[in-house]
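What the coordinates show
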Amino acid sequence: VTARRDESSNGAVSTLLAAVLGVNSLAVKADAAAAGISGLKKLPTGKGDIPVGISKYWFTSKDSPCGSENNIRFYPTGDYIGCAGWHVFTDTPSSAAKLDHILDGLKDGYYSSPETVADQTYYNFTGGTVASAYPEMRALYNHRKGPDGNWLVHIPVYDKDDCSNPHEVIKIVGFATARIYKVDNLEMWAHVECKIVPWGQGGGPYYGTAVGAGAVIE
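A few points on the structure. Each chain carries its own residue numbering, running from 1 in the written order of its sequence. Local features are withheld for residues below a pLDDT of 70 in this predicted model, meaning they are given only at 70 or higher, and side-chain atom pairs are given and counted only at 80 or more; totals for whole chains, interfaces and linings count all residues. Hydrogens and waters are ignored; side-chain quantities use all the structure's heavy atoms.

Overview of the nonpolar core
- Within the largest apolar cluster, 50 residues are counted, with the highest numbers of intra-cluster contacts made by I50, F59, F74 and I180.
- Secondary structure follows DSSP: runs of H or I at least 4 residues long count as helices, runs of E at least 2 residues long count as strands, and numbering of each begins at the N terminus. No other element matches the eight residues that strand β12 (residues 169-184) contributes to this core.
- Between two residues, a contact is recorded if the distance between any of their heavy atoms is within 4.5 Å. Those residues in contact with F74 that lie beyond four places of it in its chain are V52, I54, A84, W86, I155, A178, I180, M188 and A190. Only buried residues count toward a nonpolar core. Its members are Ala, Val, Leu, Ile, Met, Phe, Trp, Tyr and Cys residues joined through side-chain atoms within 4.5 Å. Burial classes follow relative accessibility: with a 1.4 Å probe on protein chains only, a residue under 20% of its type's maximum area counts as buried, one over 50% as exposed, and anything between as partly exposed.

See below:
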């Protein structure tokens, strides 16, 4: 990355004290390079935004980590368009009541998601058609979305080789970034973002979210 201000780009910087000595402007240039780029390895405590995960199959079945069509349906799930599932993080039991509690807690601030490390942490999945939890999910979205209706979230990628609804304990293999843009008419839609983000601990597999080596989420 090169940042510059000179006669060819952005204009030279005007001087104040140096002008007394006849130096009226200065060209400024700075170069920087990342030591390395890799997939996000870990989410610290409290950085898991929503109890939804994306199946690894959604990524591996595409020509790239995100493919040409990046929209995914988070509710209902169970097919290729909704290649995802809901979970209760590492809590037990994987019940609708526990899911409701977590959704309310994330909205009201009394629940904190656990630290999650790719290829080490296992989540307890509840499937993706828990109709009783949809109102709480919509309330969380309405609480967190921006003025443009978008909510950017960190999403775990779970180790499954199809798009069927997950109802078991499954290993988390990586992380993605998604922009939830619609929660209405008993559906939830998101767009998986495929770009480098300037935060996170690298060293994990790439699922569209990459970070510079050595960076840490704060």
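Focus on unusual backbone geometry
- Here Y75 and P76 are connected by a cis peptide whose omega angle stands at -10 degrees.
- Its place among the elements puts P76 in the loop between β7 (71-75) and β8 (84-87).
- For F89, which is not a glycine, the phi torsion comes out positive at approximately 55 degrees.
- Tracing the sequence through the fold places F89 in the loop between β8 and α2 (96-108).

Concerning α2
- In this scheme, a helix's expected span is set at 1.5 Å multiplied by one less than its residue total. Compared with the 18 Å implied by 1.5 Å per residue over 13 residues, the 18 Å span of α2 between its first and last C-alpha is a close match.
- Considered for burial, the residues of α2 that qualify are L99, D100, I102, L103, G105 and L106.
- Packing partners of the buried residues in α2 comprise β8, β10 (122-127) and α3 (134-144).
- Trailing α2 by a residue or two, G109 shows a phi angle of about 90 degrees, which is positive.

As for α3
- Within α3 the residues assigned to the buried category are Y134, E136, M137, L140 and Y141. Axial view of α3: buried residues confined to an arc of 165 degrees, hence all on one face. When we speak of the arc, we mean the arc of directions from the helix axis to the C-beta atoms.

Examining empty space enclosed by the protein
- Grid spacing is 1 Å over the protein atoms alone, the probe is 1.4 Å, and a cavity is where that probe fits but cannot get out, while a pocket is an open set with protein on both sides within 12 Å along at least five of seven lines and lining residues have an atom within 4 Å of a point. Grid points are joined across faces, edges and corners, and a volume is the space filled by probe spheres set on the points. In total, this model carries one cavity of 30 Å³ or more according to the counting rule given.
- Roughly 30 Å³ of volume is contained in the largest cavity.
- Lining the largest cavity are L43, G48, D49, I50, H87, F89, T116, Y123, H154, P156 and F175.
- In the scheme used here, Gly and all other residues not listed as nonpolar or charged are polar, with Ala, Val, Leu, Ile, Met, Phe, Trp, Tyr, Cys and Pro taken as nonpolar and Asp, Glu, Lys and Arg as charged. Here the residues of the lining of the largest cavity are counted per class, giving six nonpolar, four polar and one charged.

Looking at the pattern of salt bridges
- In what follows, salt bridge is the name for a side-chain nitrogen of Lys or Arg lying within 4 Å of a carboxyl oxygen of Asp or Glu. All chains considered together, the criterion is met by 10 salt bridges.
- Salt-bridge contacts for K56 lead to D161; the nearest nitrogen and oxygen are separated by 3.7 Å. You can see K56 sitting in helix α1 (residues 56-60) and its partner D161 sitting in the loop between β11 (151-158) and β12, a full 105 residues away along the chain.
- Residue R179 is joined to E193 by a salt bridge in which the shortest nitrogen-to-oxygen separation is 3.1 Å. Here R179 is found in strand β12, whereas its partner E193 is found in strand β13 (residues 187-193), with 14 residues between them in sequence.
- Among the residues examined, R179 registers a relative accessible area of 25% and is labelled partly exposed.
- By relative accessible area, E193 is classed as buried at 13%.
- One salt-bridge network, held together by shared partners, links K56, D159 and D161.

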